[in-house]
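# Per-entry structural report
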Amino acid sequence: MALKASMLLDSKLWWDQAECRNTDPGLFFPVGTTGIAIDQIATAKEVCGGCNARELCLEFALRTNQDAGVWGGTSEEERREIRRARRRAVQAS
């Protein structure tokens, strides 16, 4: 990630641009991964879909090991897979 993006992450200025800032935070933290939680995750991802801060939000979640909720348009399992892929890439280099 570029230095400028890293600085934005550190300053949390990206948060001011986040679509979710005016949305009930509970939407992004469903209980479970089945039933109604599936719909809640999909709705949260829709909010993320049009967000200008999506990439920075995802990077923040990855760097700070956010293991619950929807961040940057990704579910908990999707972020775990991204972390695994990054570890594999580092090990391969």
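Above: the structure in question.
Just so we're clear, the structure is a prediction, and the values are computed from it rather than from any experiment.

## A short note on the packing of helix H3 (residues 54-63) against helix H4 (residues 76-92)
With their axes 11 Å apart at the nearest point, H3 and H4 run at an angle of 70 degrees to one another. Relative to H4, the element H3 lies roughly perpendicular. Touching Leu58, Glu59, Ala61 and Leu62 of H3 are Arg79, Ile82, Arg83 and Arg86, all from H4. For the contact of H3 with H4, the residue count by class is 4 nonpolar, no polar and 4 charged.

## Here's the deal with the packing of aromatic side chains
Taken as a whole, this structure holds 2 aromatic pairs when the rule is applied. Their ring planes at 80 degrees and their centres at 6.4 Å tell us that Phe29 and Trp71 sit as a pair that is edge-to-face. Residue Phe29 is located in the loop between helix H1 (3-11) and helix H2 (36-49), and its partner Trp71 is located in the loop between H3 and H4; the two are separated by 42 residues in the primary sequence. Judged by centre distance (5.7 Å) and plane angle (40 degrees), the rings of Phe60 and Trp71 are tilted. Remark: Trp71 occurs in the loop between H3 and H4 and Phe60 occurs in helix H3; sequence separation between them is 11 residues. The class of Phe60 is buried, set by a relative accessible area of 16%. Overall, Trp71 belongs to the buried group, its relative accessible area being 12%.

## Topic: the nonpolar core
Counting residues in each nonpolar core, the largest one holds 16 residues, and the members touching the most others are Trp14, Ala18, Phe28, Ala44, Ala53, Val70 and Trp71. Those elements that place two or more of their residues in this core are H2 and H3. In terms of residues, this core owes the most to one element, H3, which gives 4 residues.

## Considering the side chain of Ser75
Counting through the fold element by element, Ser75 comes out in the loop between H3 and H4. Residue class for Ser75 comes out buried when judged on its relative accessible area of 14%. Look past the residues within four positions of Ser75 in its chain and what remains in contact with it is Lys45 and Gly69.

## Brief notes about unusual backbone geometry
Phi at Asn65 takes a positive value of approximately 55 degrees, unusual for a residue other than glycine. Its place among the elements puts Asn65 in the loop between H3 and H4. Taking the relative accessible area as the measure of exposure, Asn65 reaches 51% and is therefore exposed.

Definitions and limits used
- Residues numbered from 1 in each chain as written.
- Predicted model: local features only at pLDDT ≥ 70, side-chain atom pairs only at ≥ 80, totals over all residues.
- Heavy atoms only, no water.
- Axes fitted to C-alpha atoms, helices over the stretch in contact; angles between N-to-C directions.
- Helix = DSSP H or I, 4+ residues; strand = E, 2+ residues; numbered from the N terminus.
- Parallel < 35°, antiparallel > 145°, perpendicular 65-115°, else oblique.
- Contact = heavy atoms within 4.5 Å.
- Nonpolar A, V, L, I, M, F, W, Y, C, P; charged D, E, K, R; others polar.
- Phe/Tyr/Trp six-rings, centres within 6.5 Å; stacked < 30°, edge-to-face > 60°.
- Buried < 20%, exposed > 50% of the residue type's maximum accessible area, 1.4 Å probe, protein only.
- Core = buried A, V, L, I, M, F, W, Y, C linked by side-chain atoms within 4.5 Å.

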